[in-house]
Structures are given as C-alpha cells and as structure tokens.
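# Reading the structure
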Amino acid sequence: MSSKPEPKDIHQPNGTGPTPSPCSSDGPGREPLAGTSEFLGPDGAGVEVVVIESRANAKGVREEDALLENGSQSNESDDVSTDRVPAPPSPLKETSFSIGLQVLFPFLLAGFGTVAAGMVLDIVQHWEVFQKVTEVFILVPALLGLKGNLEMTLASRLSTAANIGQMDTPKELWRMITGNMALIQVQATVVGFLASIAAVVFGWIPDGHFSIPHAFLLCASSVATAFIASLVLGMIMIGVIIGSRKIGINPDNVATPIAASLGDLITLALLSGISWGLYLELTHWRYIYPLVCAFFVALLPVWVVLARRSPATREVLYSGWEPVIIAMAISSVGGLILDKTVSDPNFAGMAVFTPVINGVGGNLVAVQASRISTFLHMNGMPGENSEPTPRRCPSPCTTFFSPDVNSRSARVLFLLVVPGHLVFLYTISCMQGGHTTLTLIFIIFYMTAALLQVLILLYIADWMVNWMWGRGLDPDNFSIPYLTALGDLLGTGLLALSFHVLWLIGDRDTDVGD
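Computed from a predicted model, the values in this text were never measured in an experiment. (Residues numbered from 1 in each chain as written. Predicted model: local features only at pLDDT ≥ 70, side-chain atom pairs only at ≥ 80, totals over all residues. Heavy atoms only, no water.)

## Considering the overall build of the protein chain
The cut-off we apply is this: Numbered from the N terminus, helices here are DSSP runs of H or I no shorter than four residues, and strands are runs of E no shorter than two. Working definition: with a 1.4 Å probe on protein chains only, accessible area under 20% of the residue-type maximum means buried, over 50% means exposed, and in between means partly exposed. When checking whether two residues touch, look at their non-hydrogen atoms; a contact exists if any pair is within 4.5 Å. In this description, accessible areas are obtained by the Shrake-Rupley approach with a 1.4 Å probe, and a residue is regarded as covered only by the protein chains that are shown.
When helices and strands are tallied, the protein chain shows 21 helices and zero strands. Of all 514 residues assigned to the protein chain, the portion counted as buried reaches 52%. Excluding contacts between residues fewer than 6 apart, the proportion of contacts in the protein chain whose partners are at least 24 apart in sequence is 85%. For the protein chain, the accessible area works out to roughly 21,800 Å², and carbon and sulfur atoms hold 67% of it.

## A short note on the packing of helix α18 (residues 405–415) against helix α20 (residues 440–470)
For the record, the criterion: With axes taken as lines fitted to C-alpha atoms, and helix axes fitted only over the stretch in contact, angles between N-to-C directions fall between 0 and 180 degrees. Note on terminology: angles under 35 degrees are roughly parallel, angles over 145 are roughly antiparallel, angles of 65 to 115 are roughly perpendicular, and the others are oblique. Two helices crossing with the near one rotated counterclockwise from the far one by less than a right angle form a left-handed crossing, whereas a clockwise rotation gives a right-handed crossing. By the convention adopted, Pro, Cys, Tyr, Trp, Phe, Met, Ile, Leu, Val and Ala count as nonpolar, Lys, Arg, Asp and Glu as charged, and the other residues, Gly among them, as polar.
Their axes nearest at 10 Å, the elements α18 and α20 cross at an angle of 165°. With respect to their mutual orientation, α18 and α20 come out roughly antiparallel. Like other packed secondary-structure pairs, α18 and α20 cross with a definite hand, here right-handed. Where α18 approaches α20, its residues Ala-410, Leu-413 and Phe-414 are matched on the opposing element by Leu-451, Val-454, Leu-455 and Leu-458. Here the residues of the contact of α18 with α20 sort into seven nonpolar, no polar and no charged.

## Digging into helix α21 (residues 475–504)
Where we set the bar: By definition here, a helix of n residues has an expected span of 1.5 Å times n minus one.
The first and last C-alpha atoms of α21 sit 42 Å apart over 30 residues, in line with the 44 Å expected at 1.5 Å per residue. With respect to burial, α21 is a largely interior element, 21 of its 30 residues being buried.

## What to know about the packing of aromatic side chains
So the rule is basically this: Working definition: rings of Phe, Tyr and Trp (its six-membered ring) pair if their centres are within 6.5 Å, and the pair is stacked with planes under 30 degrees apart, edge-to-face with planes over 60 apart, and tilted otherwise.
A full pass over the atoms with the stated rule returns 16 aromatic pairs. Centre to centre, the rings of Phe-347 and Trp-503 are 6.2 Å apart; their planes meet at 75°, and the pair counts as edge-to-face. With Phe-347 in the loop between α15 (321–342) and α16 (354–377) and Trp-503 in helix α21, the pair connects residues that are 156 residues apart, well separated along the chain. Considering the side-chain rings of Phe-400 and Phe-414, the 6.3 Å spacing of their centres and the 65° angle between planes classify their relative orientation as edge-to-face. Of this pair, Phe-400 sits in helix α17 (residues 396–401) while Phe-414 is found in helix α18, placing the two residues 14 residues apart along the sequence. Given a relative accessible area of 24%, Phe-414 falls into the partly exposed group. What links up through ring pairs into an aromatic cluster is the set Phe-227, Phe-295, Phe-296 and Trp-303.

## Focus on the nonpolar core
Heads up, the rule is: In plain words, nonpolar cores are sets of buried Ala, Val, Leu, Ile, Met, Phe, Trp, Tyr and Cys residues tied together by side-chain atoms within 4.5 Å. For each domain, the first and last residues come from an automatic or database assignment.
If you look at the biggest cluster of nonpolar residues, it comprises 99 residues, and the most contacted ones within it are Phe-353, Leu-364 and Tyr-446. Mapping this core onto the domain boundaries places at least three of its residues in each of domain 1 (93–126 + 344–513) and domain 2 (127–322). Ala-161, Ala-162, Ile-184 and Ala-312 belong to the second-largest nonpolar core, a separate cluster that totals 17 residues.

## Notes on a nonpolar patch on the surface
We count it as follows: Grouping into patches uses exposed residues only, defined as over 30% relative accessible area, and leaves out salt-bridged ones; the cut-off is 9 Å for like charges and 5 Å for nonpolar side chains (Val, Leu, Ile, Met, Phe, Trp, Tyr). A side-chain nitrogen of Lys or Arg and a carboxyl oxygen of Asp or Glu constitute a salt bridge if their distance falls within 4 Å.
Nonpolar side chains collect at one region of the surface, where Phe-193, Ile-197, Val-201, Trp-204, Ile-205, Phe-210, Ile-212 and Phe-216 lie side by side and expose about 760 Å² of accessible area between them. Secondary-structure elements contributing two or more residues to the nonpolar patch are α8 (170–207) and α9 (212–246). Examining the composition of the nonpolar patch, we find that five residues originate from one element, α8, more than from any other. With respect to the helices, strands and loops of the structure, Ile-205 is situated in helix α8.

## With respect to helix α19 (residues 417–430)
Selection rule: An arc is given here, and it is the one of the directions from the helix axis to the C-beta atoms.
With 14 residues, α19 extends 20 Å between its outermost C-alpha atoms, agreeing within 8% with the 20 Å of an ideal straight helix rising 1.5 Å per residue. Every buried residue of α19 is listed here: Val-417, Gly-420, His-421, Phe-424, Leu-425, Thr-427 and Ile-428. Buried positions in α19, seen along its axis, are confined to an arc of 155° and lie on one side of it. Close packing links the buried residues of α19 with α4 (96–124), α16, α18 and α20. Just downstream of α19, Gln-432 is the residue with a positive phi angle, here 55°.

## As for the environment of Val-501
Note that Val-501 resides in helix α21. Classification of Val-501 as partly exposed rests on a relative accessible area of 27%. Here the alpha-carbon distance between Val-501 and Phe-445, two residues 56 residues apart in the chain, equals 9.0 Å.

## Let's talk about the side chain of Ser-221
Inspection of the secondary structure assignment puts Ser-221 in helix α9. Contacts of Ser-221, omitting those with residues within four sequence positions, involve Leu-271, Ile-274, Ser-275 and Leu-278.

## Let's talk about the confidence of the model for the protein chain
Cut-off, in case you're wondering: Each residue carries a pLDDT score, the predictor's confidence in it, ranging from 0 to 100.
Averaged over all residues, the pLDDT of the protein chain equals 75, while 75% of them reach at least 70. Predicted confidence for residues 1–92 stays below pLDDT 50, and this span has 98 contacts to residues more than four positions away or in other chains.

Here it is in structure tokens:
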C-alpha cells in the first residue's frame, strides 16, 4: 500500500459500485478502508464520507442479492460498524449431546403426533366413506406428505433465513411471512388437486371402474384439506421459528419436527371429517363438490400476486413445482400400497403403524437436510464450492463416520430411531390401538424396517443436498419434498413387506388379521 495514495484511488470503490472485495470478511476488501482512515488528513473528511457510503451501498446490494438467492450474509461478521446482529454461531460448535438434546423433545413430540394420526387412521378406516370410496386411502400419504412438500420446506427455508440474518428487521420478517404463506397456499391448492387426480387414476387402473361423483368427492376433499392444513401449520411454523430464535435455539433442530408434530394429525382429521361430510351429501347435493373445488381454485390469483411481491418466494413460485409434484406422485404410490394392503382384512393392523414409521423417517431426514443446507449457506451460495474439492457421491462411511458436524448429526438422528419407535409402539399398545399384538418377532421386523428406512434416507440426504447445491439449486426448496416422499414410499413399502412376511411365516401371535 502506498504511503500517499492518490485521491482517485480512494474514491474508486464508490465509482465502481460493490466490488468483490467487500464480500470477504478478512480479505483485501478491508484494505481500502484502512488506507483511507490512515492517510486522511483534517481536510479529507469529505473523501471519508464517500468511502463509507460506498460500503453501505455495497452492503445493501449484497443484502438484496442474498435475499434473492437465499444466500449467506455471514461475510459481514467482521464489520462491527455495519452488522445488525452478531454473527450466528457456526454449526461446527455443536456437539453430539447438544444436537441430541435439542432434537429429542421435538422428535418425541412429532412422534406422538404421528401415533395420534395412526390411531385416527385405525378408527376411520372402518368408516363408510373409506369402505365405499377406497381411493381416499391413496390420498392419505399424499396429503400427509404435504408436511414434507410444503410445511417442512417452509420451516427449512425460514430457518436458514433466520440463521443468516434475513428476518432480523420487522420489514424483512413481514415480507418473509406474507410471501411464504401465500406461496404455500398456491402450492397446497395445486398439489391437493393433483393428488386427487392421482388417486382417481391409481384407483381406476387396477379395477377399471370410474365414478364421476367419487372423483369430484376426492377432488373437493383433497383441495379443502390441503388448503386448511397448510394455512394452520404454516402459521404454527412461523411462530416456532421466531420463538426459537428469541430463546437461542437453532430453528433447524426444532422447526421441521414440530411441523410434523401436529401435521399428520391435523391433516388426517381434516381429510376424514371433510370427506365424511361430503360423502353424506353424495345423493342430495352433488353440485357442492365442484363448487368447493371452484372456490379454492378461484383464490389462486390472490395468493400468486402476494407470493410474487416477495423476492424470496418469487423464484420458488416459478421454479419450485418440480419437487413438489414429483414428491406428491411418489407419495401417491405409497398410498396405492397402503390402499391395497389395508383393504385386505388380514393386514388391517398396518393402518395404525403407517403414519408412525413414515412420520419418524420423514422428520429425521428433514432435520438432517435442513442442517446440511444451513451449513452450506453459511459457507457460500448455491453453485459455489465451499470445500477444497467438490463433493461427489459420498460413501456410507463418509456419511456416518466422518468427524464433521453433519456426520455427527446423522449418527445422533440414526440412534434416535430404536428408542423413539419403542416409546411409540408402547404408547400404541397402552392405548390398545390397531389390530396387532406386539410380539417379539413383530417388533424385530418393525425395527428392521424402520432402521433400514432411516439409514437409506440419511445417506440419500447427504448425497442429494450436496448434489443440488453443486448444481446451483437451493436445497431448502428442492431436497425435503423428495426425501419425505421417499420416506413415505420406503416406510409404507417396508412395513407392508414386513406384514406379508409375518403372515407367510405363520406368526399368528401378531393377530394381524384380528
């Protein structure tokens, strides 16, 4: 650095706008400011003001870019004069004990929510609407999967925004809330409508029977359930994330499990109640079905306009449909498996366990995906390689046994599977739910299916989140729908396989058909 810089050298950063140098917390971006404060004389105050204004302008552009890209603002941590809040603690400082302690309570809460949902499904499977319109079973995993498609994605997106300082001012907070709530209403309405079409198609193909009143019943029930459930759960999620930040808890550890704690129960209760109420009007007020569908579809333009106003959700509104729709299709396949399995009286006992195994797997993998995504956002922006060498397809040893924080959290989450499911199975047994006696062989088969499900999901999450990041996709918006849908498919498929194997080997003590 020259001892007598020319004035144009000092003024140049303001003329060129936000240069790459201010984006580094300890790089050469600080040198021009140090130079100005070192060599400005008493008559150089005007130049100093220009330089500081340039820095503020650069910071404003960086904040706008970060909002559009959902990127990291951790690069400003060294500048005490312009920081709005202290930099959030790095995930690397979290120990296995602290991760487990923060995850345990919301995990158990979410698990008891899935147990309650399983108890509800065990009861409503005998209702006339479920017996006469069996395609409603196909809607169950698809609509319960909305917590992964929409609410968990919302929780992950807002958790990242909160951790990197994009919800610290009232204006930013309000913009995030309105934009994200409008976005999930758009997605819920569209996904609910598409889920009903998938249920009609999957129900029609095997039997070759198509009923127009049943199709409208499925459409009205699905759209109304998706809309109301997303509205309620979205508001709960926003409150959880804001509250967790205020009391110093990492939202990534608690938001996604709490999104599922009431998600399954609320969604299943709404689906059962709405479909039953509409079914009662099947012979008298059939025109009410298309009216219900038209009402919710007519609200779509309002939600689209509100979602477009927020830069953080505008891009998702245009590009975030692929994972949501594909995830819905994957969950519908799991619903088809559920429909064909519980329709057999020999396997009616499977209904109470399906929401539990699917919910636990989806909750754990959503926590892991949200944590990895936040870790990547703190070290760069999507498409940037924050590591010395880009991550390729990881090995299982890298995923579960490496010393980094993401591997540590994977081990903690995997170790929660067995004690968690034992608690949930014991709860089901005490409440006398289901048609299955919890024998030792049944518990072994059930635990094997649950462990295999979570093991596969955590490994896929490690690969998928890093792969999406390398391709410039924000994992908060794209990864969780795929992972939770795969959790539904794996959980339902492995559980159905376990029940069939138990039946074939003659384990009559399980009373699966009682």
